[in-house]
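Read off the chains here:
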Amino acid sequence: MRSEKFKKHILICLLLTAFCLLSSNIDALEVKKTVLTNGLTVLHSEKHSLPIVMMTLLVKASPLNEPQEKAGLANLTAELLTEGTKNRKSSDISEEIEFIGASLNTSAGKDYTVITLSVLKKDIHKGFELFSDILLHPVFPQNEIERKKGLIKGSLRQREEKPSFLAERAFKREVFGEHPYGRLVEGSTETIDNIKREDMIKFYSDYFLPNNSILSVVGALTTEELDILIKRYLGEWKKADNYHPPLIPPVKGGRVPSPLAGEGKGEGGFSDGKKIKKVIRIDKDLMQATILLGNLGISRDNPDYYAVAVMNYILGGGGFSSRLMQSIRDEMGLAYDVHSFFSSHKQGGIFQIGVQTKNDSANTVIDEIRRQMNRIREEKVSDEELSDAKSYLTGSFPRRLDTNRKIADFLATVEFYSLGLDYVEKYPGYINSVTKDDILRVARKYLDPENYVLVVVANQEKATLK
Amino acid sequence: MFIKEYLPNGIPVVIETLKNMRSVALGIWVKVGSRNETSHKNGISHFLEHMFFKGTKKRTARDIAIDIDSLGGDLNAFTSKEATTFYVKVLNEYLKDGVELLSDVFLHSTFPRKDIEKEKAIIKEEIKMVEDTPDDYIHDLFNQTIWDYKGLGQPVLGRSNTIKSFTRDDLLEHIRRYYGVKDIIISCAGDFKPQLLLDILSKNLGNLRRGSEPARRQMPDFKSKVKVFNKELSETHICLGVKGLPQASEERYGIFILNTILGGGVSSRLFQEIREKRGLAYSIYSFVASYFDTGVWGVYAGVSRKKLREVVGLIVKEMCFLKDKITEEELTRAKNHLKGNIILGLESTISRMNNIARQEIYYGRYYSSKEIMKKVNAVTLSQVKGLSERLIKKERFSVTVYGPVNEKDVRGILS
């Protein structure tokens, strides 16, 4: 199917090759980084313990690159990649991939789109060929677009039934406002209807470029074998000359001005407005109240990232030992689970505490959450809490890399967020250098027990929020 | 490499060692679950599982949480219809500490009275969480429909009114009856020296001496009927199915293949026909659940109320036609899909630990992934056609519907 004329375009040679040892306590993870002439960054780690190969292609294309009225464009484009190519129709793709017991998935997230392939070594050529076909030759058939739109809208309707979905959607919208992080990656029923085939073709050709992507490959594959596969199957993928990624829309403040104004990632993006509190009540006939409380968090490149990670672990991030879990679950018996999160992205982040409790305990639980936020802002954490959090965060880190799939995804994101290929080596140092004063400082800076966004999905009559 | 050994007290230990694994997973499996409970003590296995973490003779609940954190590990437990499992996952170098902690929890928990009432409240919250999640809750309702409200038909979490009644004596009685050495299996997967593990286990668990009463288990009947649970929801949730096969059935690979063809992946018949071609359901899949003595083969779909009849009709039709319609190509695709999943599952020590324990519990022996793949390969087209013909009969279907629907909406839905 691939014609001869492409061959002369195969100019892939090694521009830059760097070897790096990602080592943890015992074993070392050897990663080779190469930037091809077409601009594609390739990360490769050879692992022969099982006859499998895991690939992750990260493309810098996300809702950050789509107009608000066409929200969902990045997601729909990603979804359509597997729905028809020059060579195959939708059902051929799923049948061929399942025929070799492999899986090929695409998905758009907040900052990027990923295409992943998990395949047995013996079928690597077939897997690579399918991977390349959906990446390089998607045709975005009109009927498949319509069908996909219907399915996405159906799934949005179905998820409306889940209290956690309603709460998250309202919470993000309130915290991030007009910023793309404030909406669902899928968009909404109205914006999905605005997306045309031409939009998707343009989005695809603007962003799905080798010099806008990172490929990570982990598994039973030598460098020579990988080179041959890349030449054969991705050789025709050409960079755009004079490529300047289209401008990311400026970050605008949420409808709720944040107490963290200007203290997250620069640009003062979230800084307009004054500090206020916002409470959103969603009434639904439910047994439990789903509660989310929080506000803006920090972006991934914020230097406070590691201090925040340790602080959050002690507050509500850690398994059964966190303060929120100990008080709300173990002492008060008011919830099965309670957790706090800081999730950090390229342009900002979110902080949230989430819990489900019976409707009439909602007020008590909210008070206790605020009390715990105050406490960690007012007094230093104990030595024991600090060392416990550090040993968990550093000790469990290698387990985040205990399968080839996890390593492939990890390498791609490490590269995307510019964390450095020695990140695994450096991570314990980042965590261990956090002090009690750091924790107090970041708690005061990023937690606000007075001005927050609070979403409560509940039987409001029973919850009777104060 | 697989090894099976016994501790001095007779507890079997199944071990799979694998080079280059970074973490090790170890589980203690007790062969008791919600199906063994009387209906007025429904939920006790799960309740007890929670109570194990409330403190031991030498550790408070908080000490337990902190100790596992300081190892960077996971310590947890889960309860199903036929087993209660306590497990730990740690980096290789902490194997000894991890086993010590898990054993302490398993052998020396004190079940403080003051924590019992508190834990009841937590579990009631857990129950409400499930009830607020309709695509989860429908499975409980389906089990209730097909097995009645006893044995396999009871929810693992129990019900608010049964939980209210539990006492400390109930917990101790449950342990006395079901936690004997004959009903315990230990499984472990990772990169370690087997003898070292056995020494650690003998030291920690080898002295347990406890008998247990012989298992009381009645083989339940599969009830073929249509049941509606009315609830104001935007979607209608459906589960339907037929009686399946017990875990140890010789034909188990046949039913896995059939299930893959019917609704196991994106190229499956139901996914293609109902979601991709007709767009009638966003979420649709088929599942196989097998137990010691019986099983169920079912389909879940979430649809709009108006499409209920059409979708049920199409699912039943697809299932009834399997015996005539399956092609060689579909068979090969399903086999490869299954085999691919088996190999991909080998990556995690937790899934290996689960796998060897279940094999020991249900088959009393070990099958390597190579052997399993050989067995999958050996299944023929006529075997799967024959099996689907025997399992699927229109009059044997059971249907459960949960959503804004009432009896008259489902009248004659199977005819």
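Sequence order as written defines the numbering, with residues in each chain counted from 1. Each chain is given a letter, starting from A, and each ligand a number, starting from 1, according to the order in which they appear as written. For this predicted model, a pLDDT threshold of at least 70 governs which residues receive local features, and a threshold of 80 or more governs which side-chain atom pairs are given and counted, while totals over whole chains, interfaces and linings are taken from all residues. Only heavy atoms go into the side-chain values, all of them from the structure, while hydrogens and water stay out.

Enquirer: Summarise the sheet that holds strand 7 (residues 226-230) of chain B; cite the residues concerned and give the values.
Expert: Residue and element names in this part refer to chain B. In this description, strands pair whenever DSSP reports at least two bridges between them. Helix and strand assignments come from DSSP, with helices taken as H or I runs of at least 4 residues and strands as E runs of at least 2, each series counted from the N terminus. Taken in spatial order, the five strands make up an open sheet running 7-11-8-10-9, and their pairing is mixed. Each of the sheet's edge strands pairs with one partner strand only, and the pair in question is strand 7 and strand 9 (283-290). Between one strand axis and the next, the sheet turns through 15° on average, direction left out of account. For strand 8 (residues 236-243) and strand 11 (residues 398-403), the ladder comprises five bridges, and the chain directions are antiparallel. Considered in strand 11, the bridge of Cys239 is made with Thr400. Under this scheme, a helix contributes an axis fitted over its contacting stretch, all axes are lines through C-alpha atoms, and angles between N-to-C directions fall in the 0 to 180 degree range.

Enquirer: Summarise the interface of chain B and chain A; cite the residues concerned and give the values.
Expert: When checking whether two residues touch, look at their non-hydrogen atoms; a contact exists if any pair is within 4.5 Å. Of the residues lining the interface, 59 residues belong to chain B; the matching set on chain A comes to 61 residues. Here chain B and chain A share an interface that buries about 5300 Å² over both sides, 54% of which is from carbon and sulfur atoms. Accessible surface is computed with a 1.4 Å probe, and the buried area is the amount of it that two parts give up when combined, taken over both parts together. If you sort the residues of chain B by the area they bury against chain A, Arg22(B), Asp132(B) and Glu347(B) come out on top, with a joint share of 14%. What makes a salt bridge here is a side-chain nitrogen of Lys or Arg within 4 Å of a carboxyl oxygen of Asp or Glu, nothing more. Here chain B is connected to chain A by eight salt bridges.

Enquirer: Got a sec to walk through the packing of aromatic side chains? Specific residues and values, please.
Expert: A ring pair, where both rings are aromatic, is described by two values, the distance of the centres and the angle of the planes. Residue and element names in this part refer to chain A. The rule is short: rings of Phe, Tyr and Trp, with Trp giving its six-membered ring, pair when the centres are within 6.5 Å, and they are stacked under 30 degrees, edge-to-face over 60, tilted in between. In the structure shown here, the tally under the stated rule is 40 aromatic pairs over all chains. Pairing Phe140 with Tyr204 gives two aromatic rings, centres 5.7 Å apart and planes at 65°, and the pair type is edge-to-face. Taken together, the residues span a long stretch of sequence, with Phe140 in the loop between helix 3 (124-136) and helix 4 (142-159) and Tyr204 in helix 7 (residues 197-207) at a distance of 64 residues. Neither Phe140 nor Tyr204 differs from the other in exposure class; each is buried. Burial status follows relative accessibility: with a 1.4 Å probe on protein chains alone, a residue under 20% of its type maximum counts as buried, one over 50% as exposed, and anything between as partly exposed.

Enquirer: Before we move on, can you summarise the pattern of salt bridges with the specific residues and values?
Expert: Scanning the entire structure with this criterion turns up 71 salt bridges over all chains. Put simply, Asp324(B) and Lys323(B) hold a salt bridge, and the shortest N to O gap is 3.6 Å. Salt bridges sharing partners connect three or more residues here, namely Glu79(A), Glu83(A), Glu144(A), Arg147(A), Lys148(A), Arg275(B) and Glu276(B).

Enquirer: For the confidence of the model for chain B, give the residues involved together with the corresponding values.
Expert: Any region with low pLDDT has predicted coordinates that should not be read closely. Residues and elements named next belong to chain B. Across the chain, each position has a pLDDT score giving the predictor's confidence in that residue, from 0 to 100. Taken residue by residue, chain B gives an average pLDDT of 94. The fraction at 70 or more is 99%. Element-level pLDDT for chain B is lowest in helix 16 (residues 407-410), with a mean of 90, against a maximum mean of 98 in helix 1 (residues 44-51). This complex was scored by the predictor with a pTM of 0.89 and an ipTM of 0.86.

Enquirer: I'd like a description of the confidence of the model for chain A, backed by residues and values.
Expert: All names here are of chain A. Taken over all residues, the pLDDT of chain A has a mean of 87, while the share at 70 or more is 87%. Note that pLDDT drops below 50 for residues 1-26; the model gives that stretch 68 contacts with residues more than four away or on any other chain. This model gives residues 250-275 a pLDDT under 50, and the stretch forms 57 contacts once residues within four places in sequence are excluded.

Enquirer: So what's going on with the sheet that holds strand 6 (residues 184-190) of chain B? Residues and values would help.
Expert: All names here are of chain B. With mixed pairing, six strands are arranged side by side in an open sheet as 1-2-6-3-5-4. If you trace the sheet from one side to the other, it starts and ends with strand 1 (2-6) and strand 4 (74-79), each paired once. Within the sheet, the average angular offset between the axes of one strand and its neighbour, ignoring direction, is 15°. Strand direction decides the pairing type here: strand 2 (residues 12-17) and strand 6, joined by five bridges, are parallel. Counted as the bridge partner of Val13 is Ile186 from strand 6. Packed on one face of the sheet, helix 8 (residues 194-205) meets strand 1, strand 2, strand 3 (23-30) and strand 6 and runs near 150° to strand 2.

Enquirer: Go over the nonpolar core, please, and point to the residues and values.
Expert: Residues and elements named next belong to chain A. Buried Ala, Val, Leu, Ile, Met, Phe, Trp, Tyr and Cys residues that are joined via side-chain atoms within 4.5 Å together make up what is termed a nonpolar core. One finds Ile291, Val310, Ile369 and Leu447 to be the most contacted residues of the largest nonpolar core, which totals 76 residues. Ranked by residues supplied to this core, first place goes to helix 9 (residues 305-317) with eight residues. Setting aside residues no more than four positions away along its own chain, Ile369 makes contact with Leu293, Leu324, Ile328, Ile353 and Val355. Residues Met55, Val59, Ile115 and Val217 belong to the second largest nonpolar core, which totals 71 residues.

Enquirer: Could you give me a rundown of the domain arrangement of chain A, with the residues and numbers involved?
Expert: All names here are of chain A. Segmentation of chain A into domains returns domain 1 (2-234) and domain 2 (278-463). Residue ranges for the domains trace back to a domain assignment, done automatically or taken from a database. Here the C-alpha centre of domain 2 lies 29 Å away from the C-alpha centre of domain 1. Counting from both sides, the interface comprises 44 residues of domain 1 and, opposite them, 38 residues of domain 2. When domain 1 packs against domain 2, close to 3500 Å² is buried across both sides, 73% of that on carbon and sulfur atoms. Our count for the domain 1 to domain 2 interface comes out at one salt bridge. For the salt bridge of Glu415 with Lys33, the shortest nitrogen-to-oxygen distance reads 3.0 Å.

Enquirer: Run through the environment of Asp67(B), naming residues and quoting values.
Expert: All names here are of chain B. By secondary structure assignment, the location of Asp67 is in helix 2 (residues 61-70). Given a relative accessible area of 27%, Asp67 falls into the partly exposed group. As a C-alpha pair, Asp67 and Leu101 span 34 residues in sequence and 7.9 Å in three-dimensional space. Apart from the residues lying within four places of it in its own chain, the contact partners of Asp67 are Arg59 and Leu101.

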